[in-house]
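Residue strings, one per chain:
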Amino acid sequence: MRIKYRKSSAFHCNAGSRCSISVVLWSILACILMIHFIPLPHQKNEESRLRLCDRLCTREFEVVEEENFRLPPPRGKRNPRAVKRRGPGKQHTVIDEFLDESSDLRPFFFPDQKLAIWPARDGNDSKYFYPGRLWMDTDGNPIQAHGGAILFDERTETYYWYGENKDGPTYHAHPKGTARVDVIGVNCYSSKDLWTWKNEGVVLPGVESNFTHDLHRSNVLERPKVIYNDKTSNYVMWMHIDDANYTKASVGVAISDSPLGPFTYLRRIRPHSCDSRDMTIFKDDDQNAYLIYSSDDNSELHVSRLTDDYLDVTREMQRILIGQHREAPAVFKHKATYYMITSGCTGWAPNRAMAHAAESIMGPWETIGNPCIGGNRVFRVTTFFSQSAFVVPLRGHSGVFIFMADRWNPSELRDSRYVWLPLTVGGVADEPLEYNFGFPVWSKVSIFWHRRWRLPVG
Ligand code: DGJ
C-alpha cells in the first residue's frame, strides 16, 4: 500500500519503506557524533603522535640515574661550626658534609658560577635543567625566588615564578636562632618556556621603616604562593609571616590586579586561631582554593577552604597527617586524586620527602612513601639534598609534573639552589596502607633524579 505523506513532514521512499523524520534526525545526530568522536585520519595521527611523544618523554624522565660521590676522609681540623652542630664525638654524616661550608664536597652540591644555567649566554639550544647549579635570569643574575611557586596565567599565556628574594647577608638573630636573611620581599620572574626567566622585580617589598609592620625586614616572609581569582579578577598572594623566632606563626594575604604586581599587603591571620608555619595554596578545578599549613608546632597539617574571593579562610578546616611532623607541603591533582609532597622538620637541613594521597582534599590523607628515585641512598633520604616547594603540572602531558625544591645553603642563604625534577604519577605505590579487592588504592608518585634533563620540545 502506498501512503502519501505531506512533503513537509515526511519523505516518500521508492522502496516502499517509510523513512520517518525521526530516522533522518537520528542519522544526522549519528553523523554529528561520528564527526565529533571518531577522529579523522590527520587527527588520529596528531593524537597518536602526542601520545607517543608523551610516552617517550615520560620514559626519558623515568630513566633511573645513579649518582656517586665519595665522602672525603676525616680531616684533622674540622670546621668549628660543623663540630658544634654535631657534637664533638658524633659520627660525621654526608648531611654534615653538605652543611659544612668548608667541605671538599661543597662544589658537588653547590657548583660554581662557571657551571651556571645561563640562558642569555648559552642560547636557547640546550634548555637543560641542571638541579643544584646556579640559574641565571635573562640579565645574567642568579634567580632569587626561593620557597617559590609558579602560576600559569591564562590571560597572558605566561608562567610567573614567585619566591623569596634572599639576596642579603645571612646571620643569626640569636646565638641559638636559625640562620636568616632580612625580608627583602617577594620576587617575580616571567617565562614562556619555564627555562628562560626574566626578572620582573620585587612585587611585594619588605618594609624598612615601620618596625611594627608584618613585612618589616626584621621579620620572616616565606613560601609565597599566587593564585588568580576568576570572579574578582585579582591575583591573590598567600605567604608565611613570622617573627625572627618563628613565634608569630601566621599567614599573610596580599592582592594585585596584575601578575606583575605591585601586590598590596592586606593582613596577617592565624587561621582558625591556629599557629601556621610552612604553607601552600591549592586552586582546584572547581575554582575552590585551599590553604594547607603546618600547625600545632608542626606536628600536623591543616587544610582550610578559602572564601570565594580567596582573601580569607572559611570555617571549613580539617586536621590531617596528625602526629606526622611534616612541613613544606606541595599539593597537586591527577585524575581526581589529590597528592602532596612534604618534608620532615629539620630546619634548613635536608631530610626524607614523603608523598601523600587523598580522594578529597579535606582528607583523609594517606602517606604512600618516599617518592625519590635514583641518585643513591643518601640522595633519596635527603630529597636530593633539597626540600619541596611546589609541584607544577606539565601542560599537555597528563600525569607529568615538575617537582620544584630548594637546596638550602644555611651558611649563605642567598646562594641556595633550585632542584627541579620530573615527577610522574603511575604504577603501584610503595606503602599503600589500604587495598581495594587486593589492589592498592593509590598510584605511585615518583620523582626521578637527573643530573640534567629537559622538557619535551614544543
Ligand atoms: C624549614 C622551612 O621549610 C623553611 O621554609 C624555613 O622556615 C626553615 N625551616 C627555617 O629554619
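In case you missed it, the structure is sitting above this.
Counting starts from 1 at the beginning of each chain's written sequence and moves along it residue by residue. Note on the predicted model: pLDDT of at least 70 is required for a residue's local features to be given, and 80 or more for side-chain atom pairs to be given and counted; whole-chain, interface and lining totals, by contrast, use all residues.

Engineer: So what exactly am I meant to see when it comes to the sheet that holds strand E14 (residues 313–320) here?
Structural biologist: Note on pairing: two strands pair once DSSP finds at least 2 bridges between them. The helix count covers DSSP runs of H or I at least four residues long, the strand count covers runs of E at least two residues long, and both are numbered beginning at the N terminus. The antiparallel open sheet is built from four strands, whose spatial order is E11-E12-E13-E14. The outermost strands of the open sheet, each flanked by one partner alone, are strand E11 (279–283) and E14. Sheet twist, expressed as the mean angle between neighbouring strand axes with direction ignored, is 25°. For E11 and strand E12 (residues 289–295), the ladder comprises five bridges, and the chain directions are antiparallel. In the sheet register, Phe282 faces E12, and the bridge partner there is Tyr290. For every element, the axis is a line fit to its C-alpha atoms; helices are fit only across the contacting stretch, and the angle between N-to-C directions ranges from 0 to 180 degrees.

Engineer: What exactly am I supposed to notice about unusual backbone geometry here?
Structural biologist: Glycine aside, the phi torsion of most residues is negative, and most peptide linkages are trans. A cis amide bond links Gly261 to the next residue, Pro262, at an omega of 0°. Among the secondary structure elements, Pro262 is positioned in the loop between strand E9 (250–256) and strand E10 (264–269). The step from Gly363 to Pro364 runs through a cis peptide bond, and the omega angle for that step is 0°. The residue Pro364 is located in the loop between strand E17 (354–358) and strand E18 (366–369) in this model. Located in the positive-phi region is Leu194, a residue other than glycine, with phi close to 70°. Within the element layout of this structure, Leu194 appears in the loop between strand E5 (185–191) and strand E6 (198–205). Positive phi values are uncommon outside glycine, yet Phe384 reaches one of about 55°. Relative to the elements of secondary structure, Phe384 occurs in the loop between helix H7 (377–381) and strand E20 (387–393). Once C-beta atoms are placed from the backbone, each residue is buried if 20 or more other C-beta atoms lie within 10 Å of its own, exposed if 12 or fewer, and partly exposed for counts between those two. In this structure Phe384 comes out as buried when scored by C-beta crowding, with 26 C-beta atoms within 10 Å.

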